[in-house]
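# Examining the three-dimensional arrangement
If you want the building blocks of each chain, they are given just below.
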Amino acid sequence: MDFKICLCLASVEAVAISALSPSHEILSYLPSNRALLFLGLVGLQWLLIKFYRIFIYPAFVSPLRHIPGPKNNQFFIGQLVHLYRASTPIELYMKWSSTWPESPFIRYPILANKEILLINTVEAHKQILQTKCYDFVKPKFLGRLLGEIVGTGLLFAEGHEHKRQRKMVLNVFSVPNMKKLLPVFREKADEMVSFMERKLKETPSGNIEVQSIYTKATLDAIGVAALGVELENLRSEELKLDFLQCYFRMLSQPPLSALISFIHVNVPIRKFIPLEANWGFVRASGGVRTMLDRCIEERIREVKSTDREKAGGPESRDLLTYMIEEREAHNDELTIADIRGHLQNFLSAGHETTSGALTWASYVLATRPDIQDKLRDEVIQSLGTVGVPTYADIENLHYMKNFLQEVTRVYSPAPATWREADKDIVICGQFLPKGTQIVLSPPVTNLSTRIWGADALEFKPERWDALAGDANTPYGTETFGNGPRICIGKSYSLLAFKVMMIELIRNFRFSRSPGLVELGDNYPPVQNPAVTWRPKGGMTVHMEKIAWS
Ligand code: HEM
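To start, this report covers the structure provided alongside it. Remember, predicted model here, so these are calculated numbers, not experimental data.

## Observations concerning the overall build of the chain
- Each helix and strand in the chain was counted, giving 22 helices and 12 strands.
- At 27 Å, the chain has a C-alpha radius of gyration in line with the 24 Å of a compact globule built from 549 residues.
- Each principal axis of the C-alpha distribution contributes one length, and for the chain these read about 105 × 60 × 45 Å.
- Taken over 549 residues, the chain has a buried fraction of 50%.
- A total of about 26,200 Å² of accessible surface is found on the chain, and carbon and sulfur atoms cover 59% of it.
- In the chain, which carries 63 positive and 59 negative side-chain charges, the distance between the mean positions of the two groups comes to 4 Å.

Structure, rendered in structure tokens:
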């Protein structure tokens with residue numbers, strides 16, 4: 001847009017200059033070559049417009065300029081470095097929220113003084129996530145930052161397309177389908193316990209880094225739950241790599257590739273960089289797509305064939321099969337690209353978040369023996385020391401439910417998500433021009449003393465038995481978002497968490513590792529910047545196998 005304005009203004013100026021008398025004094029200061037003159041005028045307009053946008057507009061013109069926000073902004077980069085250097089991804093959001101508790105929004109500038117609004121009150125959350133949900137979209141930079149890895153799917157579908165896709169995928173996560181996934185979670189929980197037992201035998205100190213184990217267990221689980229196959233078994237013959245190798249090649253890029261991805265977020269250059277560092281990423285993401293497409297096509301054939309046994313028969317138990325069944329029911333309205341996008345969403349959104357919740361739960365168990373004992377007592381009294389719990393057994397674990405709600409409230413696995421106003425709009429009396437960028441940080445709600453009381457920061461599972469006010473509404477927590485775009489995998493992840501936690505608490509006793517002893521009551525260091533709420537350097541806890549007599 002700015003460039004078009006530059007071209008228009010420069011054209012008008014060039015015409016005006018050419019209409020001047022040849023003896024006009026100003027012409028002696030300008031280049032005689034017309035092309036050069038035009039380019040110079042375009043450059044000058046561009047600089048003036050940028051100067052206006054960066055220095056004049058935010059300070060003197062923007063309708064957002066009166067919204068409260070931090071004043072310690074740095075020249076040109078606003079809060080960017082402060083956010084980057086903060087001890088956690090939410091440290092500054094929490095500080096600002098408690099400084100201006102009543103304001104629906106908090107405004108802060110980032111690179112080139114771009115204004116960002118942090119949503120701060122329950123009412124503003126409600127309007128943006130529920131009543132006016134479709135007047136906001138995910139910012140384009142986010143699609144370019146994450147879309148190549150997590151796919152388009154529901155995460156980046158907008159408006160009518162989002163409604164259409166969501167309607168078709170919703171049933172995939174129904175309670176009956178989740179019940180059918182139980183054996184998958186149990187199998188993966190058993191494998192995880194066996195792995196930990198082996199690890200303990202090799203580690204006489206008993207100090208085990210659990211985060212990486214949970215990441216592997218939840219990734220294995222989502223592989224089977226989403227696709228019906230072990231991810232290591234999915235191979236790309238062309239690349240001679242398996243699915244996980246391609247996937248991790250995309251996630252952990254070498255520095256040059258990461259730089260190209262960073263630039264691509266702002267300027268889409270991916271297709272035009274003929275460097276191996278770039279092609280390595282392109283090949284890996286192409287490999288992931290090809291493997292998923294093959295998997296989908298094969299499954300469509302199996303589901304359509306009379307031999308339903310291959311697709312798992314009537315008891316089929318993976319998300320891909322459910323999606324294909326939905327596709328059949330809706331006259332093939334879901335395309336293969338749609339299904340691939342959803343699968344990519346599920347694989348990426350479905351493991352790191354759940355493993356984050358397990359990691360922080362282990363931290364709580366290790367540091368709060370009182371909570372650990374209560375949780376174990378409930379599990380052993382209700383389910384015994386061995387044996388296979390049913391869906392109903394799991395749902396009846398009352399303290400487990402409170403514990404999990406408290407883990408996801410206090411340690412929200414997703415520290416932030418973003419929106420952009422898709423049109424001029426008024427929220428809580430504040431006019432937001434089209435394009436206004438908004439940050440939603442679940443902990444701002446989850447840890448608010450206005451909603452949760454003076455002890456909001458404390459870990460208290462029993463608080464869930466006596467909720468009042470806003471805490472007793474869906475808007476008391478934002479861990480899974482809210483409204484029409486609420487996390488579609490919520491029931492999946494809660495069930496996967498509970499199944500894994502039951503096996504952990506039945507099999508192991510948790511206590512502080514030397515690192516946690518040294519830390520005392522201080523919060524463990526957290527990775528920043530980060531897309532998920534992760535402890536820096538993992539989470540090492542002391543574990544001991546329980547020998548039930
Ligand atoms: C503890 C675990 C999880 C947490 C904390 C979590 C959190 C969230 C949040 C906050 C959103 C809203 C994002 C936004 O509005 O911008 C979301 C959306 C989403 N989540 Fe999750 N998630 C979890 C597990 C899962 C799992 C297991 C899956 C899939 C198997 C999943 C799939 C998705 C999808 C597809 C969306 C987009 C929904 C839409 O826009 O309609 N999530 N999640």
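The structure having been displayed, the exposition proceeds.
## With respect to the coordination of the iron atom of the ligand
- Of all protein atoms, just one serves as a donor to the iron atom of the ligand, and that atom is Cys487 (SG), at 2.3 Å.
- Mapped onto the secondary structure, Cys487 falls in the loop between helix H20 (449–452) and helix H21 (490–507).

## What about the sheet that holds strand E12 (residues 540–545)?
- Pairing is antiparallel in the open sheet, where 3 strands are placed in the order E4-E12-E11. Only two strands of the sheet have a single neighbouring strand rather than two, namely strand E4 (207–209) and strand E11 (508–511). With direction set aside, neighbouring strand axes in the sheet form an average angle of 45°.
- Relative to E12, E11 runs antiparallel, the two being bridged by 4 bridges. Directly across from Arg509, in E12, lies its bridge partner Glu544.

## Section: the site of the ligand
- With respect to spatial proximity, 25 residues lie near the ligand, and among them His162, Arg166, Thr417, Arg419 and Cys487 are the closest.
- In the model, an oxygen atom of the ligand is placed 3.5 Å from a nitrogen or oxygen of the Leu154 main chain.
- For the ligand, an oxygen atom lies 2.6 Å from a polar atom in the side chain of His162.
- Looking at the shell around the ligand, the elements that each hand over two or more residues are helix H7 (159–170), helix H14 (336–349), helix H15 (352–367), strand E7 (417–421) and H21.
- Examining the composition of the shell around the ligand, we find that 3 residues originate from one element, H14, more than from any other.
- For the shell around the ligand, the per-class residue count stands at 11 nonpolar, 10 polar and 4 charged.

## Comments concerning a nonpolar patch on the surface
- Residues Leu256, Leu259, Phe262, Ile263, Val267 and Leu275 make up a contiguous nonpolar surface patch of roughly 540 Å² in combined accessible area.
- Counting through the fold element by element, Leu259 comes out in helix H11 (residues 255–266).
- Assessed through its relative accessible area of 46%, Leu259 is described here as partly exposed.

## Considering the packing of helix H8 (residues 175–202) against H21
- Running from N to C, H8 and H21 point in directions that differ by 35°, and their axes come no closer than 9 Å. The interaxial crossing formed by H8 with H21 has right-handed handedness. Residue-level contacts link Met178, Leu181, Leu182, Phe185, Arg186, Lys188, Ala189, Asp190, Met192, Val193, Met196 and Glu197 of H8 to Ser491, Tyr492, Leu495, Ala496, Val499, Met500, Glu503, Leu504 and Asn507 of H21.

## So, the nonpolar core
- Ranked by internal contacts, the top residues of the largest apolar core, which has 115 residues, are Phe243, Phe403, Tyr492 and Met501.
- Ignoring any residue separated from it by four or fewer positions in sequence, one finds Tyr492 in contact with Phe173, Met178, Leu181, Phe185, Ala221, Ile222, Ala225 and Gly350.
- With 15 residues, the next largest nonpolar core counts Ala124, Phe136, Ala421 and Ile427 among its residues.

## Comments concerning the pairing of E12
- Summarising the sheet, E4 and E12 pair through 3 bridges and their orientation is antiparallel. Along E12, the bridge assignment pairs Ile208 with Val541.

## Some thoughts on the pairing of strand E1 (residues 105–109)
- Burial runs high along E1: 5 of the 5 residues are buried.
- Residues Phe105, Arg107 and Pro109 point to one face of E1 and Ile106 and Tyr108 to the other, with burial holding for every one of them.
- The pairing of E1 with strand E2 (residues 115–119) spans 5 bridges and is classified as antiparallel. Among the inter-strand pairings, Tyr108 is bridged to a residue of E2, identified as Ile116.
- Between E1 and E2, which pair antiparallel and follow one another directly, the connecting turn spans 5 residues, one of which, Ala112, has a positive phi of 60°.

## With respect to the pattern of salt bridges
- Going through the model one piece at a time under the given rule, you end up with 25 salt bridges.
- Between Asp293 and Arg340 there is a salt bridge, with the nearest N and O atoms lying 2.8 Å from each other. Residue Asp293 is found in helix H12 (residues 276–304), and its partner Arg340 is found in helix H14; the two are separated by 47 residues along the sequence. Judged on exposure class, the residue Asp293 and its partner Arg340 are both buried.
- One network of salt bridges, in which partners are shared, links Glu406, Arg409, Asp455, Glu458, Lys460 and Arg463.

## A word on the sheet that holds E1
- One open sheet holds the 5 strands; their spatial order is E1-E2-E10-E7-E3, and the pairing between them is mixed. Single-partner strands in this sheet number two, and they are E1 and strand E3 (136–137).
- Its contacts with the sheet put helix H4 (residues 91–99) on E1, E2 and strand E10 (437–440), and the angle it makes with E1 is roughly 130°.

## A closer look at the packing of helix H16 (residues 369–383) against helix H18 (residues 398–410)
- As a packed pair, H16 and H18 sit with axes 8 Å apart at the nearest point and diverge in direction by 140°. Taken together, H16 and H18 sit at an angle that is classed as oblique. Facing H16, whose interface residues are Ile371, Lys374, Leu375, Glu378 and Val379, H18 presents His398, Tyr399, Met400 and Phe403.
- For the contact of H16 with H18, the per-class residue count stands at 6 nonpolar, 1 polar and 2 charged.

## Side note on the side chain of Ser348
- Its location among the elements puts Ser348 in helix H14.
- Setting aside chain neighbours within four positions, we find Ser348 in contact with Val150 and Tyr247.

## Thoughts on the packing of aromatic side chains
- For the structure shown, the criterion picks out 20 aromatic pairs.
- Where Tyr93 meets Trp96, the ring centres are 6.1 Å apart and the plane angle is 55°; that geometry is what we call tilted. Taken together, the positions of Tyr93 and Trp96, both in helix H4 and 3 residues apart, correspond to about one turn of that helix.
- On the numbers, 5.8 Å between centres and 85° between planes, the contact of Trp360 with Tyr363 is edge-to-face.

Quick notes on the rules
- Residues numbered from 1 in each chain as written.
- Predicted model: local features only at pLDDT ≥ 70, side-chain atom pairs only at ≥ 80, totals over all residues.
- Heavy atoms only, no water.
- Helix = DSSP H or I, 4+ residues; strand = E, 2+ residues; numbered from the N terminus.
- Rg over C-alpha atoms; globule rule 2.2 N^0.38 Å.
- Buried < 20%, exposed > 50% of the residue type's maximum accessible area, 1.4 Å probe, protein only.
- Areas by Shrake-Rupley, 256 points an atom, 1.4 Å probe, with all protein chains shown as cover.
- Lys, Arg positive; Asp, Glu negative; His and termini not counted.
- Charge placed at Lys NZ, Arg CZ, Asp CG, Glu CD.
- Donors = N, O, S within 2.8 Å, 3.2 Å for Na, K, Ca; no water.
- Pairing = 2+ DSSP bridges.
- Axes fitted to C-alpha atoms, helices over the stretch in contact; angles between N-to-C directions.
- Near = heavy atom within 4 Å.
- Polar contact = N/O pair within 3.5 Å; in protein donor to acceptor, adjacent residues only side chain to side chain.
- Nonpolar A, V, L, I, M, F, W, Y, C, P; charged D, E, K, R; others polar.
- Patch = residues over 30% accessible without salt bridge, like charges linked within 9 Å, V, L, I, M, F, W, Y side chains within 5 Å.
- Salt bridge = Lys/Arg side-chain N within 4 Å of Asp/Glu carboxyl O.
- Left-handed = near helix turned anticlockwise from the far one by under 90°.
- Contact = heavy atoms within 4.5 Å.
- Core = buried A, V, L, I, M, F, W, Y, C linked by side-chain atoms within 4.5 Å.
- Parallel < 35°, antiparallel > 145°, perpendicular 65-115°, else oblique.
- Phe/Tyr/Trp six-rings, centres within 6.5 Å; stacked < 30°, edge-to-face > 60°.

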